[in-house]
There are 4 protein chains.
Amino acid sequence: MKYLFFAGSLRKGSLNRKFVQNAYDVLKADKDNECELVHLIDYLLPVYNQDIDDTEFPKAAKELAAKVKWADGIVISTPENNGSIAAVTKNTIDWLSRERAPNPWPKKNVLLLGASPGGLGAVLGLWHSKQPLEKLGCYVYPEVMGLPKAHEAFNDDGSLKDKASLERLAKLLNAFAEHVKSKS
Amino acid sequence: MKYLFFAGSLRKGSLNRKFVQNAYDVLKADKDNECELVHLIDYLLPVYNQDIDDTEFPKAAKELAAKVKWADGIVISTPENNGSIAAVTKNTIDWLSRERAPNPWPKKNVLLLGASPGGLGAVLGLWHSKQPLEKLGCYVYPEVMGLPKAHEAFNDDGSLKDKASLERLAKLLNAFAEHVKSKS
Amino acid sequence: MKYLFFAGSLRKGSLNRKFVQNAYDVLKADKDNECELVHLIDYLLPVYNQDIDDTEFPKAAKELAAKVKWADGIVISTPENNGSIAAVTKNTIDWLSRERAPNPWPKKNVLLLGASPGGLGAVLGLWHSKQPLEKLGCYVYPEVMGLPKAHEAFNDDGSLKDKASLERLAKLLNAFAEHVKSKS
Amino acid sequence: MKYLFFAGSLRKGSLNRKFVQNAYDVLKADKDNECELVHLIDYLLPVYNQDIDDTEFPKAAKELAAKVKWADGIVISTPENNGSIAAVTKNTIDWLSRERAPNPWPKKNVLLLGASPGGLGAVLGLWHSKQPLEKLGCYVYPEVMGLPKAHEAFNDDGSLKDKASLERLAKLLNAFAEHVKSKS
């Protein structure tokens, strides 16, 4: 199956970028999977403005929408900002939903992860992020995984320090992958 | 009292811009109120990126944060995009929350309005928008007002066509204003 | 496939009971489907109390849990009460989640419908009702259907008056059924 | 000021009952406050059923509604069940909202606390519980406090073991009380 991975963050040193890289490594290890990891900073979009949408749909949104269309499953690791969805995550979802050749979101399988320096592991943000994706017709995988204390969670090479966290992540990804496969 | 008004939209012809203008007109009619209406397009911000935040906090965010600090009450009319908060609304909330001299949001009274061309009047978006504001310590007024079929709701001069809608808006704004006053 | 239907209401004349009966009739028309419609008043449960749970798990919860286990898809029509999930719906979800031989909810496909006399068709209640089901691992179908002005929506025999509403309901149920089938 | 306290739990040994008792002790210590702590098991209600509502409004709901009316501030400690509002909390809110002499909820100040044995301190449940209260017009205090690992948090006499948690609770309650006072 084909999987697209990205973090809901534009920051170079983003904890969610590290977390989604770990997720990518898990599914990439299965030779049957095609995996692509992208950084939203490479698909930089203005804040959604219908006047821009009406005059010139951004090339970056078109390209990213094509990747979503290509994928069978999409893994997003998104921070919690002020107890809710990250602006860049919402902005990306919204811009891509405006691609009408066709809208890439309906019926896509999405898995939500989240990393945060706090103790609650972005949990409010994760559940808040489900609503726009489901409104667009995505099958958001019911289980999510929040990684608390994420600023202390990674080795210098970006891998997860804690074996139990990595195992939990791998188990979740494998369950998600099995679910995606079962529907294809 | 001092009131700040803005629409959660960058579009020039935005229905929410028209709706919040009607709200402004109601509270402005009371000579005791100081009212300021701003357009977010005049305070254009990039999508939140902590790398920008760390190097150069945007001037537009600083200026808008000062206006929020100034206000006793803030009236936001925000569209629903994909069943949830508009990206520009979330992006504005998040950027302003990063102003630390100090964070302007805690203890601010906020009233949420929403206009949408659909039949449900942005109701999912309005309730989704409460969470980040409350997480920041805002007193979000419990009642909200969604305006359905908003593309047919305004006269050419931008005023609300429907007398009952205008009366409902005025009643809500006056209740909000009384609430704001009672706490000062 | 096997489908279980119930309304999130105890009232005999419940609008949601009528709405879910229409849903039942649609899927029942396919000879390949086994359909069962139950009324929660026939499985009356006390408000969840762990002290009762610890001493004597209610027979009605055990029986209803068995029906959920049996079903491939579950269709719930639930009212909105005070902008959120109906108490009886939440109480039923919670009691059944305490059956541990095993918990019947994980991996169940659920479709949410809602009828309300108001103009918004229970939409806040429907989205609020997703969270506990997804937390339990249900695959809640992303699309929901709210029926506004439901007190005027039914003929004396309980069928939907409005042909467009019935077609929308049938289309949604068939899409749900196809989805359930594709995963089996 | 007058404060009403209850836990959203019917269980005798409830962690939330212990937590709300600590909250009661804090505000009770101020001689100017009148505080009343009730247990919902003493106001036992059936699951909401409009047929009961139409024939005989429960005495327990009438009595509890009177206490809500009496109070200037209401402190509820409510568990998270399946990532969302506890059934007994929702059932109590809904029944009391049906008292029409008058509905006791509008304009009431409510503070939400939550205790849970898990690591996230009922945070999803707390935020999920805001929606019905705000829909009813309550001023739900924006800050909430979740107590994680609550099964290890209390001494035999029910007091909080951890001094920092007690201080955080006291600080929150005093801020809430000051807020309630400022509006009276």
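Structural data are supplied above this passage.
None of these values were measured; they are calculated from a predicted model. (Residues numbered from 1 in each chain as written. Chains lettered and ligands numbered in written order. Predicted model: local features only at pLDDT ≥ 70, side-chain atom pairs only at ≥ 80, totals over all residues. Heavy atoms only, no water.)

Here we take up the relation of the copies chain D and chain A. By a simple turn and slide, chain D fits onto chain A: the slide is 0.0 Å along the axis, the RMSD is 0.0 Å, and the turn is 180°. Considering both components of the superposition, the chain copies are consistent with a two-fold axis. Taking C-alpha positions as the reference, the residue of chain D nearest the rotation axis is L120 of chain D, at 2.8 Å. Both copies share a contact surface, since 100% of the interface residues of chain D are interface residues in chain A too. (Least-squares fit on C-alpha atoms with pLDDT ≥ 70 in both. Contact = heavy atoms within 4.5 Å.)

Before going further, it helps to spend a moment on the environment of H151 of chain B. Residue and element names in this part refer to chain B. Mapping H151 onto the fold places it in the loop between β8 (145-147) and α6 (163-182). Residues H151 and Y48, 103 residues apart in the sequence, show an inter-C-alpha distance of 30 Å. Side chain to side chain, H151 and E152 meet in a polar contact 3.5 Å long. (Helix = DSSP H or I, 4+ residues; strand = E, 2+ residues; numbered from the N terminus. Polar contact = N/O pair within 3.5 Å; in protein donor to acceptor, adjacent residues only side chain to side chain.)

For helix α6 (residues 163-182) of chain D, with 20 residues, the first-to-last C-alpha span of 28 Å sits near the 28 Å given by 1.5 Å per residue. Turning to α6 of chain D, its buried residues number three or more, namely S165, L169, A170, L172, L173, F176, A177, H179 and V180 of chain D. Along its buried surface, α6 of chain D packs onto β7 (139-140) of chain B together with β1 (2-7), α1 (15-28), β3 (73-77), β6 (109-115) and β8 (145-147) of chain D. (Expected span 1.5 Å × (residues − 1). Buried < 20%, exposed > 50% of the residue type's maximum accessible area, 1.4 Å probe, protein only.)

Applying the stated criterion to the full structure yields 34 salt bridges over all chains. Residues K130 of chain A and E134 of chain C are paired through a salt bridge, measuring 2.9 Å at the closest nitrogen-oxygen approach. On the criterion of chain membership, the pair formed by K130 of chain A in helix α5 (residues 123-135) and E134 of chain C in helix α5 (residues 123-135) is interchain, its members lying in two chains. The pair K130 of chain A / E134 of chain C is uniform in exposure class, with both members buried. (Salt bridge = Lys/Arg side-chain N within 4 Å of Asp/Glu carboxyl O.)

Once that is clear, we can look at the state of the cysteines. Where two cysteines share a covalent bond between their sulfur atoms, that bond is called a disulfide. The tally for this structure, following the rule as stated, stands at zero disulfides over all chains. As a non-bridged cysteine, C138 of chain B has C35 of chain B as the owner of its nearest cysteine sulfur, 18 Å distant. (Disulfide = S-S within 2.5 Å.)

Quick look at the relation of the copies chain A and chain B now. Screw-axis analysis of chain A against chain B gives a translation of 0.0 Å along the axis, an RMSD of 0.0 Å, and a rotation angle of 180°. Both copies share a contact surface, since 100% of the interface residues of chain A are interface residues in chain B too.

Another aspect to go through is the interface of chain A and chain B. Taken residue by residue, the interface counts 30 residues in chain A and 30 residues in chain B. Both faces considered, chain A and chain B share a buried interface measuring about 2,500 Å² in area, 56% of it formed by carbon and sulfur atoms. The largest contributions to the chain A side of the interface with chain B come from V47, N82 and H128 of chain A, which together make up 25% of the buried area. Inspection of the region where chain A meets chain B yields zero salt bridges. Put simply, chain A and chain B have 17 residue pairs in polar contact (both at pLDDT 80 or more) between them. (Buried area = accessible area lost by both parts, 1.4 Å probe.)

Our next topic: the interface of chain D and chain A. If you look at the interface, chain D gives five residues, while chain A gives five residues. On the chain D side of the interface with chain A, the three residues burying the most area are L120, V123 and L124 of chain D, jointly 83% of the side's total. At the junction of chain D and chain A, the tally comes to zero salt bridges. On the surface where chain D and chain A come into contact, there are zero residue pairs in polar contact (both at pLDDT 80 or more). Taken together, the residues of the side of chain D that touches chain A sort by class into four nonpolar, one polar and no charged. (Nonpolar A, V, L, I, M, F, W, Y, C, P; charged D, E, K, R; others polar.)

Honestly, that's just the spatial picture; any functional story needs more than this.
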